[in-house]
Amino acid sequence: MKAAFFMRHGGPEVLQYGDVPDPVAGVGEVLVDVHAASVNAADWKMRAGGYGPVSRFPYVPGRDFSGVVAAVSEGVSDFKVGDPVFGVCDVGQEGAYAEKIAIKAAIVAGKPEALSHAECAALALAGLTALVSIEDTLQLTRGETILIQGGAGGVAGLAIQLAKHIGARVITTASAANHAYVRRLGADEVIDYRTEDFARKVSGCDAVFDTVGGEVALKSFAVLRSGGRAAFIASGAAAPASPRSDVRAFRPQVGRDRRHLERIIALALAGAVRPPEITRYPLSEAAEAHAVSEGRHLRGKLVFDVR
Ligand SMILES: NC(=O)c1ccc[n+]([C@@H]2O[C@H](COP(=O)([O-])OP(=O)(O)OC[C@H]3O[C@@H](n4cnc5c(N)ncnc54)[C@H](OP(=O)(O)O)[C@@H]3O)[C@@H](O)[C@H]2O)c1
């Protein structure tokens, strides 16, 4: 099958496009003909060696996809050949930048007709992460105020919509070119982080969701009211240490399951959440897509058309 892969860690240029062996579905797995796969920041962090050396080459990255079931293995009764599905690879597994992927059937969900493969791929890991962060971890409630850092990104754009659906007031940060976009997603107040200091403009928030990391994450504690809570997904495996004893800091634990995928789809079909803006690339241009994603100013999601 064709895939985008790398033979050593390095910059975007180490990504190649070519033939690799087809995966084989093991017990309890389905083999999926991938139609679309999305780019997540983890993909280029993995490619660059940021998570440590991978165990084998060629290494095919990619954590989420949408496609059609091509084969079902022993022990799979919930899908049949031809079913459209989408999903997020199990923790520790990748391989979605490819024409085929083998994955545990239990963590795959049915793709609705109303959403395209590209939309489902764009909603998969980003949607799962936004749901786990806003609903499960922060447990945001109606009437609360949340600051969402990096509103124009893939996860944050979904988080804005979820927070509005819950009935919260949303403040977000974005560069001026993305203000109209984040307002369309529902943001009530937008701060241009390039010209304004969010820590001076905002205070008394019930919650913060940080998708930017670094200094932005650390400064975010200052905007919380006493008793507030913050969730961080761009500061590594743990939340940054809180400089305040009166607020709580969380690193959302984003597991993989069908239930959350079905919830994000239900919200999308109900019109509560729209898929993020999508920029499409052919899989053969994975290196170019990584360079864009790594620049960290893409609006919405990058998605590969795989076939
Ligand atoms: N399961 C997980 O734990 C999980 C899953 C997915 C992602 N993540 C992590 O979450 C982070 C976000 O990922 P993503 O894919 O949603 O988005 P991303 O591609 O990392 O972020 C892109 C957006 O960030 C905005 N941005 C950049 N610098 C900013 C700043 N200083 N202040 C405010 N906004 C800023 C840009 O908007 P402007 O052009 O307007 O600046 C751009 O639209 C990544 O670090 C990723 O690794 C974790």
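This one's a predicted model, so the numbers in the text were calculated from it and none came from an experiment. (Residues numbered from 1 in each chain as written. Predicted model: local features only at pLDDT ≥ 70, side-chain atom pairs only at ≥ 80, totals over all residues. Heavy atoms only, no water.)

Trainee: What should I look at first to understand the site of the ligand in this one?
Mentor: In the vicinity of the ligand, 23 residues are found, and the nearest of them are S175, N178, Y193, R251 and L298. Within the backbone of V155, one N or O atom sits 2.8 Å away from an oxygen atom of the ligand. Contacts to the ligand include N178, whose side-chain N or O atom sits 2.8 Å from an oxygen atom. Within the complex, 90% of the 910 Å² of free accessible area of the ligand lies under protein. Secondary structure elements with two or more residues in the shell around the ligand: α1 (41–47), α3 (154–166) and β9 (169–174). Taken together, the residues that form the shell around the ligand break down as eleven nonpolar, nine polar and three charged. (Near = heavy atom within 4 Å. Polar contact = N/O pair within 3.5 Å; in protein donor to acceptor, adjacent residues only side chain to side chain. Areas by Shrake-Rupley, 256 points an atom, 1.4 Å probe, with all protein chains shown as cover. Helix = DSSP H or I, 4+ residues; strand = E, 2+ residues; numbered from the N terminus. Nonpolar A, V, L, I, M, F, W, Y, C, P; charged D, E, K, R; others polar.)

Trainee: Could you clarify how one ought to interpret the sheet that holds strand β11 (residues 205–210) in this entry?
Mentor: Strands in a sheet are paired, the pairing made by backbone hydrogen bonds, and the direction either parallel or antiparallel. Pairing is parallel across the open sheet formed by six strands, whose spatial order is β10-β9-β8-β11-β12-β13. With partners counted over all chains shown, the strands left at the sheet margins are β10 (189–192) and β13 (248–250), one partner each. Strand-to-strand twist of the sheet, defined as the mean angle between neighbouring strand axes without regard to direction, takes the value 15°. Inspection of the sheet shows β11 paired to strand β12 (residues 224–232) by five bridges, in the parallel sense. Counted as the bridge partner of F209 is A231 from β12. Here α3 sits on the sheet in contact with β8 (145–149), β9 and β11, set at roughly 170° to β8. (Pairing = 2+ DSSP bridges. Axes fitted to C-alpha atoms, helices over the stretch in contact; angles between N-to-C directions. Contact = heavy atoms within 4.5 Å.)

Trainee: What is the right way to read helix α2 (residues 117–137) from this model?
Mentor: Each full turn of the α-helix corresponds to 3.6 residues, which orients residues three or four apart in the same direction. Look at α2: 28 Å from first C-alpha to last across 21 residues, which is about the 30 Å you get at 1.5 Å a residue. Within α2, the axis deviates most sharply at A124, by approximately 40°. With 19 of 21 residues buried, α2 lies mostly within the body of the structure. Where α2 ends, the next residue or the one after it, Q139, has phi of about 45°, a positive value. (Expected span 1.5 Å × (residues − 1). Bend = angle between axes of the 7 residues up to and from the residue. Buried < 20%, exposed > 50% of the residue type's maximum accessible area, 1.4 Å probe, protein only.)

Trainee: I tried to follow the nonpolar core on my own but got confused; where do I start?
Mentor: It is characteristic of soluble globular proteins that their nonpolar side chains tend to be buried jointly. Counting 47 residues, the largest nonpolar core has L123, I134, L140, I146, I148, V182 and F209 as the members making the most contacts within it. When residues of this core are traced back to their parent elements, those giving at least two are β5 (84–88), α2, β8, α3, β9, α4 (179–185), β11 and α7 (258–269). Once residues within four sequence positions are removed from consideration, I146 is found in contact with I134, L138, L140, A163, R169, V170, I171, A207, V208 and F209. By size, the runner-up hydrophobic cluster in this structure holds 39 residues, among which are F6, V54, F65 and I107. (Core = buried A, V, L, I, M, F, W, Y, C linked by side-chain atoms within 4.5 Å.)

Trainee: Would you mind going over the environment of T172 with me for this structure?
Mentor: Within the secondary structure, T172 sits in strand β9. Here the alpha-carbon distance between T172 and G151, two residues 21 residues apart in the chain, equals 5.5 Å. Excluding residues within four positions of it along the chain, T172 makes contact with L147, I148, G151, I160, V182, A187, E189, V190 and I191. For T172, the side chain forms a polar contact with the main-chain oxygen of I148, separated by 2.6 Å.

Trainee: What is the right way to look at the pairing of β8 in this model?
Mentor: Within a regular strand, side chains alternate between the sheet's two faces. When you tally the buried positions in β8, you get five out of five residues, the bulk of the element. What you see with β8 is no split at all: T145, L147 and Q149 on one side and I146 and I148 on the other are buried throughout. Taken together, the four bridges between β8 and β9 define a ladder with parallel strand orientation. When the sheet's bridge partners are listed, L147 is paired in β9 with I171. Crossover connection from β8 via α3 to parallel β9: handedness right-handed. (Right-handed = clockwise from strand over helix to strand, strands pointing away.)

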